[in-house]
Amino acid sequence: MIIILYVGTLALLGILLYATYSNMQRYNDAVRSLRRYNYGMLELTELLSNLQDQETGARGYLLTNDTSFLAPYHLGRGDDEDRLRAADSLLVGPIWHAQLEVLRNKCDDVEEQLRALVSDTGAHAQMTETSIAGLRAHKVAMDELREVHGKIRNGSRPSPPRGTSSWTHRSC
């Protein structure tokens, strides 16, 4: 009789231990997933901040013809693609990849507009109709980029795939 109670107690203890371990694994997976999401959002925020700094510098250059305003433009050009790649690796799943592809296209538009503004040699002497039109086009491109960024930041987080208890993630 005592042996049966002892075996029953050990079985119950084993079940409780397994349940605790399983819950801790799910908790760790959720924390890891949330951390990846937050790092991805941080990369996107830094991307927008870099592009805004580049835009401000390009506008300052056009207004003053002072090349020191171009420092953020020259420093940030390589960072943009790196930040998009980092966000793409952190935010996994087809919904994220689709949203990031739209953002990547908008970033390319903004960078193309910036290149056109900075290389516009007619802007050196005075603001011409061409440079004013370029500024307007760039403002539209930047506003579209901000809108896509805002939708990604403020939108709801895509739900995990059906049949899974947590997000699919790569190891951190």
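As shown above, the structure is provided for reference.
Model, not experiment: these values are computed from the prediction.

Description of the packing of aromatic side chains
Right, on to step 1. In total, this model carries 1 aromatic pair according to the counting rule given.
Right, on to step 2. Relative to Trp-96, the ring of Tyr-37 has its centre 5.9 Å away and its plane inclined at 50°; by these criteria the two rings are tilted. Residue Tyr-37 is found in helix H1 (residues 2–64), and its partner Trp-96 is found in helix H3 (residues 94–119); the two are separated by 59 residues along the sequence.
Right, on to step 3. Tyr-37 sits in the buried class, given a relative accessible area of 16%.

A word on the nonpolar core
Right, on to step 1. Counting residues in each nonpolar core, the largest one holds 28 residues, and the members touching the most others are Leu-44, Leu-103, Leu-145 and Ile-152.
Right, on to step 2. Going through the elements one at a time, H1, helix H2 (71–90), H3 and helix H4 (129–154) are the ones with two or more residues in this core.
Right, on to step 3. With 9 residues, H1 is the largest single contributor of residues to this core.

Let's talk about the pattern of salt bridges
Right, on to step 1. Per the counting criterion, the structure on display carries 12 salt bridges.
Right, on to step 2. For the salt bridge of Asp-29 with Arg-32, the shortest nitrogen-to-oxygen distance reads 3.2 Å. In this pair, Asp-29 and Arg-32 both sit in helix H1, 3 residues apart, roughly one turn of the helix.
Right, on to step 3. Note that Glu-43 and Arg-83 form a salt bridge whose closest N and O atoms lie 2.9 Å from each other.

Things to note about a nonpolar patch on the surface
Right, on to step 1. Taken together, the side chains of Ile-3, Tyr-6, Val-7, Leu-10 and Leu-13 define a hydrophobic patch exposed on the protein surface, amounting to about 550 Å² of accessible area.
Right, on to step 2. Considering the arrangement of structural elements, one finds Val-7 in helix H1.

The rules behind these values
- Residues numbered from 1 in each chain as written.
- Predicted model: local features only at pLDDT ≥ 70, side-chain atom pairs only at ≥ 80, totals over all residues.
- Heavy atoms only, no water.
- Phe/Tyr/Trp six-rings, centres within 6.5 Å; stacked < 30°, edge-to-face > 60°.
- Helix = DSSP H or I, 4+ residues; strand = E, 2+ residues; numbered from the N terminus.
- Buried < 20%, exposed > 50% of the residue type's maximum accessible area, 1.4 Å probe, protein only.
- Core = buried A, V, L, I, M, F, W, Y, C linked by side-chain atoms within 4.5 Å.
- Salt bridge = Lys/Arg side-chain N within 4 Å of Asp/Glu carboxyl O.
- Patch = residues over 30% accessible without salt bridge, like charges linked within 9 Å, V, L, I, M, F, W, Y side chains within 5 Å.
- Areas by Shrake-Rupley, 256 points an atom, 1.4 Å probe, with all protein chains shown as cover.

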